[in-house]
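# Breakdown of the fold
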Amino acid sequence: MRRCIKLVFGSLSFIVALIAIGMGYLKLDGISRQKLFASVMYTMSDPNDTRIMNLRCNELLKHSTVKGHVLEIGAGTGINFPCLHNNTNIESYTGLEPNIHMHSYFYKFIQQWDIPYEIRLSNNSATDMHHIEANSVHTIIMTFVLCSVPDPLPEKVLLEAHRILKPGGTFIFIEHIAANSETNPFTYGFQKAIEPLWFIIGDGCQFKPMTHYFDAAKNVYSKVDYEYIDLPVPLFMIKYGVKGKLVK
Ligand SMILES: C[S@@+](CC[C@H](N)C(=O)[O-])C[C@H]1O[C@@H](n2cnc3c(N)ncnc32)[C@H](O)[C@@H]1O
Ligand SMILES: *[C@@H]1O[C@H](CO)[C@@H](O)[C@H](O)[C@H]1NC(C)=O
Ligand SMILES: *[C@@H]1O[C@H](CO)[C@@H](O)[C@H](O)[C@H]1NC(C)=O
Ligand SMILES: *[C@@H]1O[C@H](CO)[C@@H](O)[C@H](O)[C@H]1NC(C)=O
């Protein structure tokens, strides 16, 4: 059975690699890839998808949890704003979004609300937040970002986040993760087989275990909590998730 899975996915990987090389040949360069990804994200970010919005708004971004000066890592198209626009505990919002092709989608999406706090969006990467003062942020939010941050930079993101958080401040997140290769060899094999294509279409996204970053964060944060969750998405290979909270 295991050998059979290996054979099937070995062949699939080969085909995927050929397609990926083909796409490279078509000179899908960094800029058009970022543009493509921004429009894909915009199409996929559906504020009417009640199951994923319920996860975002009622499980992660509750009004009682998200407060004060808020920083969002990888703000994307602003899809977390249905959860944030009328949160009266927020004093200010800063979004980091290095893909500048997302910015116009972001502004267009959030203009439907009359948001009472100041909003900033910058093109900085979360791996270097030197422009943000230490101990200045109450809440950091991050949804589905770390898969596109190459190793070992996610650890740097968590350290930078720790530096800018106020003592007692919280960092809450949901991430896609790789399936467990022992308990879910089929999904894991499929994820690894399509990864070269996924990487190109998904702006550098890779299937990773993720939790080792959060385990390592125990050395600096006062509290680290996370749990595995099933994401309410239609594609089986992206339904593995982790949801958690780090406290400075
Ligand atoms: C899959 S999208 C998710 C967008 C949105 N947070 C959501 O929940 O739908 C990942 C986003 O993270 C951004 N991103 C990638 N690397 C980043 C980094 N180093 N710092 C900040 N954002 C980053 C990408 O540009 C992209 O907009
Ligand atoms: C969401 O639903 C509302 C009301 O039915 C509709 O006006 C809006 O266009 C929908 N938005 C999207 C992105 O589908
Ligand atoms: C905030 O707005 C959402 C719709 O975007 C609504 O479901 C929710 O009840 C509102 N919450 C408050 C506290 O006004
Ligand atoms: C990123 O933002 C900085 C400061 O606002 C700006 O000078 C720079 O041109 C921006 N980069 C891109 C690629 O737009």
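See the structure shown above.
First, a word on scope: everything that follows refers to the structure included in this document. Bear in mind the structure is a predicted one, so any value in this text is a computation, not a measurement.

Of all the residues in helix α3 (residues 50-60), the buried ones are Ile 52, Met 53, Leu 55, Arg 56, Cys 57 and Leu 60. Looking straight down α3, one finds its buried side chains confined to an arc of 165 degrees; they lie on one side. In α3, the exposed positions that point more than 90 degrees away from the buried face belong to Thr 50 and Arg 51. Taken together, the buried residues of α3 touch α4 (81-84), β4 (137-143), β5 (165-176), β6 (223-230) and β7 (240-247).

Turning next to the pattern of salt bridges. The tally for this structure, following the rule as stated, stands at seven salt bridges. A salt bridge links Glu 118 to Arg 120, with the nearest nitrogen and oxygen atoms 3.1 Å apart. The class for Glu 118 is partly exposed, based on a relative accessible area of 46%. Its relative accessible area of 41% is what places Arg 120 among the partly exposed residues. The partner of Asp 215 in a salt bridge is Lys 218, with the nearest N and O atoms 3.4 Å apart.

This part is about the sheet that holds strand β1 (residues 68-73). Whenever strands of a sheet pair, they do so through backbone hydrogen bonds, lying parallel or antiparallel. Taken in spatial order, the seven strands line up as β3-β2-β1-β4-β5-β7-β6 in an open sheet, and their pairing is mixed. Of all strands in the sheet, those with a lone pairing partner are β3 (118-122) and β6, marking the two edges. Averaged over all pairs of adjacent strands, the angle between their axes in this sheet comes to 15 degrees, without regard to strand direction. In this sheet, β3 lies alongside strand β2 (residues 90-96) in parallel orientation, the contact comprising five bridges. Counterpart to Ser 92 in the pairing with β3 is Glu 118.

A few words on the state of the cysteines. Covalent bonding between the sulfur atoms of two cysteines is what defines a disulfide. Evaluation of the coordinates by the stated rule reveals two disulfides. With a sulfur-sulfur separation of 2.1 Å, Cys 57 is cross-linked through a disulfide to Cys 83. Between Cys 57 and Cys 83, the S-S torsion sits near -70 degrees, and that sign places the bridge as left-handed. Pair noted here: Cys 57 is in helix α3 and Cys 83 is in helix α4, with a separation of 26 residues, a long-range link. Here Cys 57 falls in the buried class, since its relative accessible area comes to 17%. When its relative accessible area of 2% is taken as the criterion, Cys 83 is described as buried. Along the protein chain, the cysteines engaged in disulfide bonds are linked according to the scheme 1-2, 3-4 when indexed in sequence order.

Before going further, it helps to examine the side chain of Glu 175. Assignment of secondary structure puts Glu 175 in strand β5. One buried charge, Glu 175, has no salt-bridge partner; the nearest side chain with opposite charge is Lys 208, at 8.2 Å. At 2.9 Å, the side chain of Glu 175 and the backbone nitrogen of Leu 146 are in polar contact. When sequence neighbours within four positions are dropped, the list of residues in contact with Glu 175 reads Met 142, Thr 143, Phe 144, Val 145, Leu 146, Cys 147, Met 210, Tyr 240, Gly 241 and Val 242.

The rules behind the values
Residues numbered from 1 in each chain as written. Chains lettered and ligands numbered in written order. Predicted model: local features only at pLDDT ≥ 70, side-chain atom pairs only at ≥ 80, totals over all residues. Heavy atoms only, no water. Buried < 20%, exposed > 50% of the residue type's maximum accessible area, 1.4 Å probe, protein only. Helix = DSSP H or I, 4+ residues; strand = E, 2+ residues; numbered from the N terminus. Arc of directions from axis to C-beta. Contact = heavy atoms within 4.5 Å. Salt bridge = Lys/Arg side-chain N within 4 Å of Asp/Glu carboxyl O. Pairing = 2+ DSSP bridges. Axes fitted to C-alpha atoms, helices over the stretch in contact; angles between N-to-C directions. Disulfide = S-S within 2.5 Å. Lys, Arg positive; Asp, Glu negative; His and termini not counted. Polar contact = N/O pair within 3.5 Å; in protein donor to acceptor, adjacent residues only side chain to side chain.

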